[in-house]
Amino acid sequence: MEANKCNQVHSAVKILIKEQKIHAIKIAELEKKLNDKDNRILKLEKDLKDEKDETDKRFDSVIERFDNLDNLVEEHTDTIDELEKKAEDILSKLNLVNETLKKVDKEIEELETKKRITCREVKHDNENTIVDDNENDRAISEEIRQCWFDRVGYCKEGKDNCNFLHIEETCEFYLKNGYCNKLRCKRRHPRKCYYDQTGSCWRNDDCRYLHVDKKQTQKCYNCGVNSSLTYYCEICDKDLCSQCTLKEAHVEDPHKSNDMAECKNVHL
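This structure is a prediction, so every number in the text was calculated from the model and none was measured.

**Q** Would you mind showing me how to read the overall build of the protein chain here?
**A** Within the protein chain, the secondary structure is distributed over 6 helices and 4 strands. Starting at the N terminus and ending at the C terminus, the protein chain contains elements arranged as α-α-α-α-α-α-β-β-β-β. Scored against the burial criterion, the 268 residues of the protein chain give a buried share of 15%. For the protein chain, the share of sequence-separated contacts (at least 6 apart) that also reach a separation of at least 24 residues comes to 33%. When the accessible area of the protein chain is evaluated, it comes to approximately 23200 Å², of which 52% is carbon and sulfur surface.

**Q** How should the pattern of salt bridges be read in this particular structure?
**A** Pairs can form between side chains of opposite charge once their charged atoms are near each other. Under the definition given, this model contains 6 salt bridges. Ionic pairing is found between Asp-56 and Lys-52, a salt bridge with its closest N-O pair at 3.4 Å. Of this pair, Asp-56 and Lys-52 are both found in helix α1 (residues 2-129), 4 residues apart, which corresponds to roughly one turn of the helix. Overall, the relative accessible area of 33% leaves Asp-56 in the partly exposed class. Given the relative accessible area of 53%, Lys-52 is considered exposed.

**Q** So what exactly am I meant to see when it comes to the packing of aromatic side chains here?
**A** Centre distance and the angle of the planes are the two values used to describe a pair of aromatic rings. In this structure the tally under the stated criterion is 2 aromatic pairs. Relative to Phe-149, the ring of Trp-148 has its centre 5.3 Å away and its plane inclined at 80°; by these criteria the two rings are edge-to-face.

**Q** So what exactly am I meant to see when it comes to the state of the cysteines here?
**A** Defined simply, a disulfide is a covalent bond joining two cysteines at their sulfur atoms. Under the criterion given, the structure shown has 0 disulfides. The closest cysteine sulfur to the non-disulfide-bonded Cys-147 is located on Cys-155, 3.9 Å from its own sulfur. Cys-147 gets classed as buried once you look at its relative accessible area, which sits at 3%. A disulfide-free cysteine, Cys-180 has its sulfur positioned 3.8 Å from the sulfur of Cys-171, the nearest such atom. By relative accessible area, Cys-180 is classed as partly exposed at 26%.

**Q** Would you take a moment to explain the side chain of Arg-188 for this structure?
**A** Among the structural elements, Arg-188 can be located in the loop between α5 (172-177) and α6 (194-198). Among the polar contacts made by the side chain of Arg-188, one reaches the main-chain carbonyl oxygen of Gly-153 at a distance of 3.0 Å. The residues contacting Arg-188, other than those within four sequence positions of it, are Asp-150, Arg-151, Gly-153, Ile-167, Glu-168, Glu-169, Thr-170, Cys-171 and Arg-208.

**Q** Can you walk me through a nonpolar patch on the surface in this structure?
**A** Residues Val-62, Phe-66, Leu-69 and Leu-72 make up a contiguous nonpolar surface patch of roughly 370 Å² in combined accessible area. Judged by relative accessible area, which is 38%, Val-62 ranks as partly exposed.

**Q** Got a minute to help me understand the confidence of the model for the protein chain in this structure?
**A** Any segment with low pLDDT has predicted coordinates that should not be analysed in fine detail. Predicted confidence across the protein chain gives a mean pLDDT of 77, with 75% of residues reaching 70 or more. Across the protein chain, element-level confidence peaks in helix α3 (residues 148-152) with a mean pLDDT of 89 and bottoms out in helix α2 (residues 131-143) with 50. Considering only residues more than four positions removed or in separate chains, one finds that residues 247-261, a stretch of pLDDT under 50, has 12 contacts.

**Q** Just checking my understanding: could you explain a negative patch on the surface for this structure?
**A** Together, Asp-60, Glu-64, Asp-67, Asp-70, Glu-74 and Glu-75 line one region of the surface with negative charge. For Asp-70, the location among the structural elements is in helix α1.

Definitions and limits used
Here the residue numbering is sequential within each chain, running from 1 through the sequence in written order. Given that the model is predicted, a residue must reach a pLDDT of at least 70 before its local features are reported, and side-chain atom pairs must reach 80 or more before they are shown or counted; all residues, however, enter totals for whole chains, interfaces and linings. As a rule here, side-chain values cover all heavy atoms of the structure and leave hydrogens and water aside. For helices the rule is a DSSP run of H or I covering at least 4 residues; for strands it is a run of E covering at least 2, with both sets numbered from the N terminus onward. Accessibility here uses a 1.4 Å probe with only protein chains present; expressed as a share of the type maximum, an area under 20% marks a residue as buried, one over 50% as exposed, and anything in between as partly exposed. Residue contacts are defined here by distance: any two heavy atoms, one from each residue, within 4.5 Å place the two residues in contact. Note on areas: Shrake-Rupley, 1.4 Å probe, and residue coverage restricted to the protein chains presented here. Salt bridges are defined as contacts in which a side-chain nitrogen from Lys or Arg sits within 4 Å of a carboxyl oxygen from Asp or Glu. Centres within 6.5 Å are what make two rings of Phe, Tyr or Trp a pair, Trp counting through its six-membered ring; a difference in plane orientation under 30 degrees is then read as stacked, over 60 as edge-to-face, and the rest as tilted. Note on disulfides: each one is a pair of cysteine sulfur atoms within 2.5 Å. The term polar contact refers here to a pair of N or O atoms within 3.5 Å; inside protein, the definition further demands a hydrogen-donor-capable atom paired with an acceptor-capable atom, and it admits residues adjacent in sequence only when both atoms are side-chain atoms. In this analysis, a patch consists of residues with relative accessible area above 30% that form no salt bridge, clustered at 9 Å for like charges and at 5 Å for the nonpolar side chains Val, Leu, Ile, Met, Phe, Trp and Tyr. What pLDDT conveys is the predictor's confidence in a given residue, as a value from 0 to 100. His residues and chain termini do not enter the charge count, which takes Lys and Arg as positive and Asp and Glu as negative. Where a charge sits is defined by one atom per residue type, namely NZ (Lys), CZ (Arg), CG (Asp) or CD (Glu).

What follows is the structure, encoded as structure tokens:
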């Protein structure tokens, strides 16, 4: 009986020891888990502290910037006030300029009105002074149309072969003033002759273009045309126009040569 009790006690002790080891292992695992949690908590606390420090630094930087801005605003307050005063002065000057422009526009309108009235009066006077001429011109224009080429200069068809009207009379007002103020003047208004302006005109009296009075002219010994642009030959003592003189004439000084050059060798 006692042996059986000892065996039972011995087996119960073994079971308790085994359970104690199991509980010890579980406790060790729980402690490890708790340690891990503690480490995590410490790490989180450190991270939170670092973030808090960084946030504080940023906040301090923002506050410093705001302080700097406040200082800048205080420094430039006087400048802003001056700019506002200048802007007010500019606006007042612009208002004065606008008022002046309105007055000028009004004066211009009045001057234009007076100008129109004056032009109407002048036009009316001109119509009264040239009414006879206009009636004659109107009567001519009703019969046949005027030749434009003959009116301003030269018509290659000629008076007899041209299908349009050729008028011999030249407008006196045009000759005197260089322009015509008549509304429908049918008289000739020839342009200035190019050849007459640049030297001599080979058409002479037959030219239909306008020949204006020029300064003193010389008659060409060779062609007989009067020209204001002449060339004097000191060898033959003759006046020649630009059309009858070579550009190369008397390039060499004849007085320095042994044999005196003859004029027929240097003139056309």
